[in-house]
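Below are the chains, spelled out letter by letter.
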Amino acid sequence: KNYNENDFKSKILPNIRFIKSKLAYSAGNKHISKKFKDYMDSEINKINSIQDFALFLKHYQAIIAYYTYNEFEYKEQKRGEKK
């Protein structure tokens, strides 16, 4: 479904903002660092339009790709140390 800006602000944006509570829960349980939680909170707070959200998604995808690559490299390095 295509949303206009008014629909986005009234129907989608509240759900995006709700992600901050999930970040707080994860930080409280030490699944993510407080620094990462604070960073993501500040990035989510910048979302005020569909375009902002599209830019946020690209940035978030880059963070996940970087983390995934580094995790893979770390595991490969640990495997090499065990030999």
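Residues numbered from 1 in each chain as written. Predicted model: local features only at pLDDT ≥ 70, side-chain atom pairs only at ≥ 80, totals over all residues. Heavy atoms only, no water.

1. Considerations on the pattern of salt bridges
For the coordinates displayed, the defined rule picks out six salt bridges. The salt bridge partner of Asp-7 is Lys-11, with a shortest N-O separation of 3.9 Å. Here Asp-7 and its partner Lys-11 are both found in helix 1 (residues 5-28), four residues apart, which amounts to about one turn of the helix. Salt-bridge contacts for Asp-38 lead to Lys-37; the nearest nitrogen and oxygen are separated by 3.6 Å. A relative accessible area of 18% places Lys-37 in the buried class. Linked through salt bridges whose partners overlap, the residues forming this network are Lys-34, Lys-37, Asp-38 and Asp-41. (Salt bridge = Lys/Arg side-chain N within 4 Å of Asp/Glu carboxyl O. Helix = DSSP H or I, 4+ residues; strand = E, 2+ residues; numbered from the N terminus. Buried < 20%, exposed > 50% of the residue type's maximum accessible area, 1.4 Å probe, protein only.)

2. Brief notes about the nonpolar core
Counting eight residues, the largest nonpolar core is built from Phe-8, Leu-13, Ile-16, Leu-23, Met-40, Ile-44, Ile-47 and Phe-56. Of the residues forming this core, the biggest block, four residues, is contributed by helix 1. (Core = buried A, V, L, I, M, F, W, Y, C linked by side-chain atoms within 4.5 Å.)

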